[in-house]
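# Coordinate inspection notes
For reference, the chains in residue letters:
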Amino acid sequence: MECRVLSIQSHVVRGYVGNKSATFPLQVLGFEVDSINSVQFSNHTGYGHWKGQVLTAEELNVLYEGIKLNNVNHYDYILTGYSRDISFLVTVVDIIKELKKANPSLVYVCDPVMGDQGAMVSSYPHTSSYAKWQPLLLFCDIIFHRLLTGRKINTEEDAIEVMDLLHKMGPETVVLTSTDLPSKQGDQFLVALGSQKIKKPDGTNTDQKICMDIPKVDAVFVGTGDLFAALMLAWTHQHPKDLKTACEKTVSVMHHVIKRTITYANEMAGPGKRPTPAQLELRMVQSKADIENPAIVVEAKVLQKSSQ
Amino acid sequence: MECRVLSIQSHVVRGYVGNKSATFPLQVLGFEVDSINSVQFSNHTGYGHWKGQVLTAEELNVLYEGIKLNNVNHYDYILTGYSRDISFLVTVVDIIKELKKANPSLVYVCDPVMGDQGAMYVPENLLPVYKNKVVPLADILTPNQFEAELLTGRKINTEEDAIEVMDLLHKMGPETVVLTSTDLPSKQGDQFLVALGSQKISKVSDGTNTDQKICMDIPKVDAVFVGTGDLFAALMLAWTHQHPKDLKTACEKTVSVMHHVIKRTITYANEMAGPGKRPTPAQLELRMVQSKADIENPAIVVEAKVLQKSSQ
């Protein structure tokens, strides 16, 4: 397999978020990963302390310039995640536009990290406006929604509508990585949904919508969203017209990594103690076999196939 | 295996040198790798163009401070490679001293990158820093012939010279020394280069010291690779960890992995370049990801000869 990914995410010295979370799984699955580190921090910001440096938009440009001058600005995938800085984001968009011109079949996998549970991850007011994300969305091929459409999701029908709205904004593949929708399997489960537009051989469009019940885990993990996006890249690449399988593999790997992590963290913390952020770092390296060949532990339900 | 490495090396966006070269193999072999990127460049400096930013000694301190404040400055290994900057190197030394205090059994794997084939490619004033501050802290040292000669002030013309130089390096600090390449003539002919290694082993039973000295003939490859030294040091870390008192096996595995990676790389590079054309630096980037199986479980393709076991 000859597949090159450009990943523009954070770097932490210790732990697994951003590029640290995305790179190893992709490399283990055979992808060439070029990585631009948007920051270098000692560790993620959920620890008691964190220190480090950020890359400016100008410095990002300089790095890209180096790649371009050597004529190696050819990628099959781009992967981006968390960004606090709007000028940085704008520079990323410009780079992606250029890379798509160099390779029109480039796939942009975008995790527009903005918030969870209704709260913004970033405190910058401009990121709360989905309109700012529009330029990005036009170029996204695979996207993970949290707050982009400004629409609330209270029912499965709402979820389907939101995914269709997102399709209209650009991406052909949309995954709602977690929702508060009630699961038929009970309150120990959360509901995730996905939607993929597929062109049929006869030229018509169809779409596959799927739904999964994912076991909840009683802990706060950091870096799992970054891992999810990287795995979706890998499994949609292996299964380009089969969102069901891609999601089942992704969610299964997530399950194994998280289970291994929580077991280790509880061991380290000791009985009755809540594990620390350091103890809760994903057991990434230890999960290599699960990444390579995941035992499937979740079944995605196909919701509807409608022709348009 | 619960083993944490702190690696302080370069990061390149594209390609495999420094931390890019060292991290994947170590992770694949089960090590937790914390990495401080001393620079971020678009690619290595052997390409037509390269651009990027360097980390200052102060910024390095700030990153280490973050690790320390969280009480996670506990490592089993430290790995360092190429450095151009005296103040940066001095800061690295201070960090290592502190980490050794926090964990006295910490192993410092040091590649004293200074030059090759008789020419220095770092500022000359780094040599005294290596000699006086860095090498004394090292536990495993992987110099090439030129670097070993610089550090000891002795030339290597014969195998006896090489053995003397390795013993001199032991006296400076490291218990394990590997001369990663020399110009010594190989008994297998001029398509081979000679590498040597020496490891001091304390006999627990009667307290005496012994050492194992080994010698390997390594097939030469007609190409210039970048990042292979960084890969070598990372693999030596991994295999000496698996085989702590068996330098012979550690070196055979390291050199075997190197062989498979290089062979795969040169094959691919020649394919990409086309018949009769010399591959470009971009085409010669190590086929690291494609060599995962060789890293995990290398077919052994070289046999190290044990030279002598002498008690002291």
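It should be emphasised that the depicted structure is a prediction, and the values quoted were computed from it without experimental measurement.

### With respect to empty space enclosed by the protein
The tally for this structure, following the rule as stated, stands at two cavities of 30 Å³ or more. Lining the largest cavity are 16 residues, with A:Lys20, A:Thr23, A:Ser35, B:Lys20 and B:Thr23 sitting closest to its centre. Elements with a contribution of two residues or more to the lining of the largest cavity: helix H1 (18–28) and strand S2 (32–41) of chain A together with helix H1 (18–28) and strand S2 (32–41) of chain B. Taken together, the residues that form the lining of the largest cavity break down as two nonpolar, twelve polar and two charged.

### So, the interface of chain A and chain B
Between chain A and chain B, the residue contacts involve 47 residues of the former and 47 residues of the latter. Between chain A and chain B the total buried area reaches about 4,000 Å² when both faces are included, carbon and sulfur atoms providing 52% of it. The largest contributions to the chain A side of the interface with chain B come from A:Val13, A:Arg14 and A:Gln27, which together make up 14% of the buried area. Residue B:Arg287 pairs with A:Glu2 through a salt bridge whose shortest N-O separation is 2.8 Å. Across the contact surface, chain A and chain B share 26 residue pairs in polar contact (both at pLDDT 80 or more). Mapped by element, the contributors of at least two residues to the side of chain A that touches chain B are strand S1 (4–12), H1, S2, strand S3 (52–54), helix H2 (57–69) and helix H8 (288–292) of chain A. The biggest single contributor to the side of chain A that touches chain B is S2(A), with eight residues.

### Brief notes about the pairing of strand S11 (residues 205–215) of chain A
Residues and elements named next belong to chain A. By the criterion of burial, S11 is predominantly enclosed, with nine of the eleven residues buried. In terms of strand pairing, strand S10 (residues 189–199) meets S11 through eleven bridges, oriented antiparallel. Residue pairing across strands places Gln-196 opposite Gln-208, the latter belonging to S11. Between the antiparallel neighbours S10 and S11 lie five residues, among them Gly-203 with a positive phi of about 95°.

### A word on the packing of helix H6 (residues 224–238) of chain A against helix H7 (residues 243–269) of chain A
Residue and element names in this part refer to chain A. Packing of H6 against H7 leaves a shortest axis separation of 9 Å and a crossing angle of 140°. Pair H6 / H7 crosses with right-handed handedness. In this structure, H6 uses Thr-224, Leu-227, Phe-228, Leu-231, Met-232, Trp-235 and Thr-236 to contact H7, whose residues at the interface are Leu-243, Ala-246, Cys-247, Lys-249, Thr-250, Val-251, Val-253, Met-254, Val-257 and Ile-258. Looking at the contact of H6 with H7 residue by residue, the classes come out as 13 nonpolar, three polar and one charged.

### Looking at the pairing of strand S4 (residues 77–80) of chain A
Residue and element names in this part refer to chain A. The two faces of S4 match: Tyr-77 and Leu-79 on one face and Ile-78 and Thr-80 on the other face are all buried. Relative to S4, S1 is paired through four bridges, and the arrangement is parallel. Opposite Leu-6, over in S4, you have Ile-78 as the bridge partner. Where S4 lies against strand S5 (residues 107–110), four bridges are found, and the strand directions are parallel. Residue pairing across strands places Ile-78 opposite Tyr-108, the latter belonging to S5. On the question of chirality, the crossover connecting S4 to the parallel S5 by way of helix H3 (residues 86–102) is right-handed.

### Details of the side chain of B:Arg287
Counting through the fold element by element, B:Arg287 comes out in the loop between helix H8 (247–273) and helix H9 (292–296). A polar side-chain atom of B:Arg287 sits 2.8 Å from a polar atom in the side chain of A:Glu2. Setting aside chain neighbours within four positions, we find B:Arg287 in contact with A:Glu2, A:Glu32, B:Val261, B:Arg264, B:Thr265 and B:Tyr268.

### Examining the packing of aromatic side chains
Residues and elements named next belong to chain B. Taken as a whole and assessed by the stated rule, the structure comprises four aromatic pairs over all chains. Ring geometry for Phe-31 versus Tyr-77: centroids 6.4 Å apart, planes at 80°, classification edge-to-face. Of this pair, Phe-31 sits in the loop between H1 and S2 while Tyr-77 sits in strand S4 (residues 77–80), and the two are 46 residues apart along the sequence. Comparing Phe-31 with Tyr-77 shows no difference in burial state: the two are buried. An angle of 40° between the planes, with centres 5.0 Å apart, marks the rings of Phe-41 and Trp-50 as tilted. On the accessibility criterion, Phe-41 (14% relative accessible area) is buried.

### Re helix H5 (residues 156–169) of chain A
A rise of 1.5 Å per residue sets the reference length of H5(A), with its 14 residues, at 20 Å; its end C-alpha atoms lie 20 Å apart and thus fit the reference within 8%. For H5(A), the complete set of buried residues consists of A:Ala159, A:Ile160, A:Val162, A:Met163, A:Leu166, A:His167 and A:Met169.

### Regarding the nonpolar core
If you look at soluble globular proteins, the nonpolar side chains tend to sit buried side by side. Core analysis: the largest hydrophobic core is formed by 92 residues, its most contacted members being A:Phe31 and B:Phe31. Ranked by size, the runner-up nonpolar core spans 50 residues in total, among them B:Leu55, B:Ile67, B:Leu89 and B:Leu127.

### Details of the pattern of salt bridges
Enumeration over the complete set of coordinates arrives at 23 salt bridges over all chains. A salt bridge links B:Glu149 to B:Lys155; its shortest N-O distance comes to 3.3 Å. Classification of B:Lys155 as exposed rests on a relative accessible area of 58%. With a shortest N-O distance of 2.6 Å, B:Glu252 and B:Lys248 are connected by a salt bridge. Of this pair, B:Glu252 and B:Lys248 both sit in helix H8, four residues apart, roughly one helical turn. The class of B:Glu252 is buried, set by a relative accessible area of 10%. Taken together, the shared-partner salt bridges in this structure form one network comprising A:Glu2, A:Glu32 and B:Arg287.

### Observations concerning the environment of A:Val222
Residues and elements named next belong to chain A. Assignment of secondary structure puts Val-222 in the loop between S11 and H6. For Val-222, a relative accessible area of 30% puts it in the partly exposed group. Not counting chain neighbours up to four residues away, the residues in contact with Val-222 comprise Tyr-16, Val-17, His-44 and Leu-282.

### Description of helix H6 (residues 159–172) of chain B
Structurally, the α-helix is built with 3.6 residues per turn, so residues lying three or four positions apart point the same way. Residue and element names in this part refer to chain B. Spanning 14 residues, H6 covers 20 Å between terminal C-alpha atoms, matching the ideal 20 Å at 1.5 Å per step. Turning to H6, its buried residues are Ala-162, Ile-163, Val-165, Met-166, Leu-169 and His-170. One side of H6 carries all its buried residues, which in axial view fall inside an arc of 160°. Turned more than 90 degrees away from the buried face of H6, the exposed residues are Glu-160 and Lys-171.

### Quick notes on unusual backbone geometry
Residues and elements named next belong to chain B. If you check the backbone angles, Asn-71 has positive phi at about 60° while not being a glycine. Relative to the helices and strands, Asn-71 is located in the loop between helix H2 (57–69) and S4. Here the phi dihedral of Gln-117 falls at roughly 50°; this positive angle occurs in a residue that is not glycine. The topology assignment puts Gln-117 in the loop between strand S6 (115–116) and strand S7 (119–120).

Conventions we followed
Residues numbered from 1 in each chain as written. Chains lettered and ligands numbered in written order. Predicted model: local features only at pLDDT ≥ 70, side-chain atom pairs only at ≥ 80, totals over all residues. Heavy atoms only, no water. 1 Å grid on protein atoms, 1.4 Å probe; cavity = no way out; pocket = protein on both sides within 12 Å on 5 of 7 lines; lining within 4 Å. Points joined across faces, edges and corners; volume = space filled by probe spheres on them. Helix = DSSP H or I, 4+ residues; strand = E, 2+ residues; numbered from the N terminus. Nonpolar A, V, L, I, M, F, W, Y, C, P; charged D, E, K, R; others polar. Contact = heavy atoms within 4.5 Å. Buried area = accessible area lost by both parts, 1.4 Å probe. Salt bridge = Lys/Arg side-chain N within 4 Å of Asp/Glu carboxyl O. Polar contact = N/O pair within 3.5 Å; in protein donor to acceptor, adjacent residues only side chain to side chain. Buried < 20%, exposed > 50% of the residue type's maximum accessible area, 1.4 Å probe, protein only. Pairing = 2+ DSSP bridges. Axes fitted to C-alpha atoms, helices over the stretch in contact; angles between N-to-C directions. Left-handed = near helix turned anticlockwise from the far one by under 90°. Right-handed = clockwise from strand over helix to strand, strands pointing away. Phe/Tyr/Trp six-rings, centres within 6.5 Å; stacked < 30°, edge-to-face > 60°. Expected span 1.5 Å × (residues − 1). Core = buried A, V, L, I, M, F, W, Y, C linked by side-chain atoms within 4.5 Å. Arc of directions from axis to C-beta.

Don't take any of this as a statement about function, it's just geometry.
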